[in-house]
Amino acid sequence: MSRKFLPFSRPAIGEDEIAAVAAVMRSGWITTGARAAEFEDRFAAYCGAASAVALNSATAGMHLALAALGIGPGDEVITPSMTWVSTVNLIVLAGAVPVFADIDRDTMMVTPETVEPLITSRTRAIIPVHFAGACCELAPLRELADAGNISLIEDAAHAVGSEYDGRMIGSSGTAIFSFHPIKNMTCGEGGMVVSDDAELLERIRRLKFHGLGVDAYDRATQGRAPQAEVIEPGFKYNLTDIAAALGMGQLSRLDGFIARRTLLAERYLCLLADVPGITPLAVPESTSRHAWHLLIVRIGEELAPDRDAFMAALKGKNIGTGLHFKAVHTQKYYRDHLPSTDGGLVATEWNSERICSLPLFPDMTMADVDRVVTAIREVGDAT
Ligand SMILES: *Cc1c(COP(=O)(O)O)cnc(C)c1O
């Protein structure tokens, strides 16, 4: 009775990309080298960024950004609880205190109004998330950060190709992108930090490879001493040429992916408009190009007893869904170790209980969208 499983996400990998990866594998140089450097240049050009550093994940990028800013004990970092756990984990691992800003109930992003009251003399950074492919209220958040001499780091894991007021995310400021397989473009695993702060980026570049200041490729091509010295203790977060070859293929197709995602999302929104118990996110006016990384809806009681029951019902119809995200402050370690938020995260908690991400990926067909919507209507009829 049930048709083939429709996953919530699936990477779109083409034969050209497979061939590009194979070519690297045959070349004799598979780790960080010319391909990774080329990927950095092409990615920076795509975003209109001054410069970019390729890493093996966005999490690595966030770790290095916090480290490069010297954030540690006694410092506070303002970020949403409605985010992926990696950011908050890294703040805690750095010895700093995460301070959760509530989100706008309908865009699921922090706002200047939710962030401003949390700023103290200890605040060192604000890390907003561009959620689902839309853009947060960047200009007023930047003003707030600048006024307090606070760093602003954009979590742009969902926002490769997103535009804010006609300008690409990453074209100014400091932004971190992810190439995890569910993201809009993938390297298998990978990430990119772009910044117009040359000093910050230089420190990130150094910290990504043992703090040597040069990586193995620089040494091979630029004839630096094979025993480069540690300038400061660093990490091992470099992106391989194998991954970069895949990333460049994906980057060249990214605009096509986003166009396809947009058509699929528009069809969903049109077909779901009159389904009781389905509330999609609102898109801020300043988002001039939505990358449609995720199609998130909030599930009401008309449709299913709760969100988990809704997800289970769709799974029963062979349709996968996702949850982006379960609020970080509601998870065990953070419940046990952070002070109570005293009901201060009302919109975060409201969404955390109701959100569900529907299948959305470039190789989906319009018929797949129709199938999901039909299944959702059936779930509602059975409730
Ligand atoms: C995926 C994601 C990350 C982490 O990306 P990785 O490349 O997996 O480390 C960070 N923040 C958000 C909002 C994400 O969705």
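Here the structure is shown first, and the text comes after it.
Residues numbered from 1 in each chain as written. Predicted model: local features only at pLDDT ≥ 70, side-chain atom pairs only at ≥ 80, totals over all residues. Heavy atoms only, no water.

Student: An account of the layout of surface pockets is needed here, citing residue identities and associated values.
Tutor: The computed volume of the largest pocket comes to approximately 420 Å³. Lining the largest pocket are 24 residues, and of these T59, W84, S86, S178 and K183 sit closest to its centre. Within the residue set of the lining of the largest pocket, elements represented by two or more residues are α3 (58–68), α4 (85–93) and β8 (174–178). Here the lining of the largest pocket gets three residues from one element, more than from any other, and that element is α3. In terms of residue class, the lining of the largest pocket is built from ten nonpolar, eleven polar and three charged. The residue makeup of the lining of the largest pocket includes at least three contributed by each of domain 1 (15–250) and domain 2 (255–382). Considering only enclosed or pocket space, the second largest pocket measures out at about 310 Å³ in volume. Looking at the lining of the second largest pocket, the elements that each hand over two or more residues are α6 (138–147) and β5 (151–155). A total of four residues in the lining of the second largest pocket trace back to one element, the largest contributor, which is β5. Taken together, the residues of the lining of the second largest pocket break down into six nonpolar, four polar and five charged. (1 Å grid on protein atoms, 1.4 Å probe; cavity = no way out; pocket = protein on both sides within 12 Å on 5 of 7 lines; lining within 4 Å. Points joined across faces, edges and corners; volume = space filled by probe spheres on them. Helix = DSSP H or I, 4+ residues; strand = E, 2+ residues; numbered from the N terminus. Nonpolar A, V, L, I, M, F, W, Y, C, P; charged D, E, K, R; others polar. Domains from an automatic or database assignment.)

Student: Tell me about the packing of aromatic side chains, residues and numbers included.
Tutor: In the structure shown here, the tally under the stated rule is eight aromatic pairs. Taking the centre distance of 5.8 Å and the plane angle of 35° together, the rings of W84 and F325 count as tilted. Here F325 lies in the loop between α10 (307–316) and α11 (332–337) and W84 lies in the loop between β2 (76–80) and α4, a separation of 241 residues in the sequence. Note on W84: relative accessible area 47%, which makes it partly exposed. Between F235 and Y237, the ring centres sit 5.6 Å apart and the planes meet at 5°, which makes this aromatic pair stacked. Grouping aromatic residues by their ring pairs yields a cluster made of F39, F43, F177 and F179. Taking NZ or CZ as reference, R105 lies 3.7 Å from the ring centre of W350, over its face. (Phe/Tyr/Trp six-rings, centres within 6.5 Å; stacked < 30°, edge-to-face > 60°. Buried < 20%, exposed > 50% of the residue type's maximum accessible area, 1.4 Å probe, protein only. Lys NZ or Arg CZ within 6 Å of the ring centre and 35° of its normal.)

Student: Let's hear about the pattern of salt bridges: which residues, and what values?
Tutor: Summed over the entire model, instances satisfying the criterion amount to 16 salt bridges. Of the charged contacts, one joins R206 and E232 as a salt bridge, the two residues approaching to 3.0 Å between their closest N and O atoms. Taken together, the positions of R206 in helix α7 (residues 198–207) and E232 in the loop between α8 (216–222) and α9 (241–272) put the pair 26 residues apart, joining distant regions of the chain. When its relative accessible area of 22% is taken as the criterion, R206 is described as partly exposed. Residue D370 is joined to R267 by a salt bridge in which the shortest nitrogen-to-oxygen separation is 2.6 Å. Remark: R267 occurs in helix α9 and D370 occurs in helix α13 (residues 366–382); sequence separation between them is 103 residues. Among the residues examined, D370 registers a relative accessible area of 27% and is labelled partly exposed. (Salt bridge = Lys/Arg side-chain N within 4 Å of Asp/Glu carboxyl O.)

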